[in-house]
Amino acid sequence: MSAALNEIIVHLDENVDDSTLAELEQTIRKDPGIVSVGHRPERTHLLMVVYDSAVVRAADILHVFRDRQLHAQLVGM
């Protein structure tokens, strides 16, 4: 893995249940270049993703949400 690690926050517009949120995290986690993904229990509309930008782009992460008809935006850190 390269040293090109980045962090982003994904802001999810919709309220989703715990099962859907866990499935989203698992899907993102499986992508090459993803180092970690998670959320704080009291802030289920925000997910933090650490990724290797030499392998994956932030826009690719956002597509996971759009593919599920969810509305989300990237917030840089």
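The structure we're discussing is the one just above.
Cut-offs applied
Residues numbered from 1 in each chain as written. Predicted model: local features only at pLDDT ≥ 70, side-chain atom pairs only at ≥ 80, totals over all residues. Heavy atoms only, no water. Helix = DSSP H or I, 4+ residues; strand = E, 2+ residues; numbered from the N terminus. Expected span 1.5 Å × (residues − 1). Buried < 20%, exposed > 50% of the residue type's maximum accessible area, 1.4 Å probe, protein only. Arc of directions from axis to C-beta. Contact = heavy atoms within 4.5 Å. Pairing = 2+ DSSP bridges. Salt bridge = Lys/Arg side-chain N within 4 Å of Asp/Glu carboxyl O.

1. Topic: helix H1 (residues 18-30)
For step 1, the next point in the chain: For H1, which comprises 13 residues, the first-to-last C-alpha distance of 18 Å matches the rise-based estimate of 18 Å (1.5 Å per residue) to within 8%.
For step 2, the next point in the chain: Taken together, the buried positions of H1 are Leu21, Leu24, Glu25 and Ile28. Burial along H1 is one-sided: seen end-on, the buried residues are contained in an arc of 95°. Projecting away from the buried face of H1 at angles above 90 degrees are the exposed residues Ser19 and Lys30.
For step 3, the next point in the chain: On its buried face, H1 is in contact with strand S1 (5-12), strand S2 (34-40), strand S3 (43-52) and helix H2 (58-66).

2. Here's the deal with the pairing of S2
For step 1, the next point in the chain: As paired strands, S2 and S3 are joined by five bridges and run antiparallel to one another. Following the sheet pairing, Val37 is matched in S3 by Val49.

3. Regarding H2
For step 1, the next point in the chain: Taken residue by residue, H2 has Ala58, Ile61, Leu62, Val64 and Phe65 as its buried positions. For H2, the angular spread of the buried residues around the axis is 140°, confining them to a single face.

4. Some words on the pattern of salt bridges
For step 1, the next point in the chain: Throughout the structure, instances matching the rule amount to four salt bridges.
For step 2, the next point in the chain: A salt bridge links Glu23 to Arg68; its shortest N-O distance comes to 3.1 Å. Taken together, the positions of Glu23 in helix H1 and Arg68 in the loop between H2 and strand S4 (72-76) put the pair 45 residues apart, joining distant regions of the chain.
For step 3, the next point in the chain: With its nearest N and O atoms 2.6 Å apart, the salt bridge here joins Arg40 to Glu42. The same class applies to Arg40 as to Glu42, namely exposed.

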